[in-house]
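# Survey of secondary and tertiary structure
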Amino acid sequence: MIASSFQTQYGIRLSRDLRGMKWNEFKALLIGIGAETPLGRIVSIRAEEDKEVLKHFTKDQHRIRNEWKSKRAKELAKRMTEADMNAVMVQFKQMFIQMAGTEGGKEN
């Protein structure tokens, strides 16, 4: 996808033109990839949060976005420690106690 995006936007064939390119130049070009390129379209689909725009997504666009969100959630879960999970559970407990209008089993 990166190669096709470089070809689309810059006319650069990475398989041929990458040899003489410095890393900083490659990074600058990659950062500048526009939304009209294959990579740019995927990035914009993954990042979309506007509910009105999401309503008009195709089935494939929803699939791309959902796969990305699922992958990100799994990565986050892997990084969460047991202490982090316990802290979150304490917060959930407090939230449910407040929603029920009780604290420690007593009415407010």
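For the structure, see preceding data.
Here's what I pulled together on the structure shown here. All figures in this text were calculated on a predicted structure; none of them were measured in a lab.

So, about the packing of aromatic side chains. In this structure the tally under the stated criterion is three aromatic pairs. Between Phe6 and Tyr10 the ring centres are 5.5 Å apart and the planes differ by 65°, which places this aromatic pair in the edge-to-face class. In this pair, Phe6 and Tyr10 both sit in helix 1 (residues 2–10), four residues apart, roughly one turn of the helix. According to the relative accessible area criterion, Phe6 is buried, its value standing at 0%. Summarising the aromatic geometry, the rings of Phe6 and Phe26 are spaced 5.2 Å apart at their centres and angled 15° between planes, so their arrangement reads as stacked. Taken together, the positions of Phe6 in helix 1 and Phe26 in helix 3 (residues 23–31) put the pair 20 residues apart, joining distant regions of the chain.

The tendency in soluble globular proteins is for nonpolar side chains to be buried side by side. Grouped together as the largest cluster of nonpolar side chains are eight residues: Phe6, Ile12, Leu14, Met21, Phe26, Leu29, Ile33 and Leu39. When near neighbours in sequence (up to four residues on either side) are disregarded, Phe6 contacts Gly11, Ile12, Leu14, Phe26, Leu29, Leu30 and Ile33. Of all hydrophobic cores here, the second largest spans five residues; its members include Ile42, Ile45, Phe57 and Ile64.

Reading the values: the criteria
- Residues numbered from 1 in each chain as written.
- Predicted model: local features only at pLDDT ≥ 70, side-chain atom pairs only at ≥ 80, totals over all residues.
- Heavy atoms only, no water.
- Phe/Tyr/Trp six-rings, centres within 6.5 Å; stacked < 30°, edge-to-face > 60°.
- Helix = DSSP H or I, 4+ residues; strand = E, 2+ residues; numbered from the N terminus.
- Buried < 20%, exposed > 50% of the residue type's maximum accessible area, 1.4 Å probe, protein only.
- Core = buried A, V, L, I, M, F, W, Y, C linked by side-chain atoms within 4.5 Å.
- Contact = heavy atoms within 4.5 Å.

No statement about biological role is implied by the geometric values presented.
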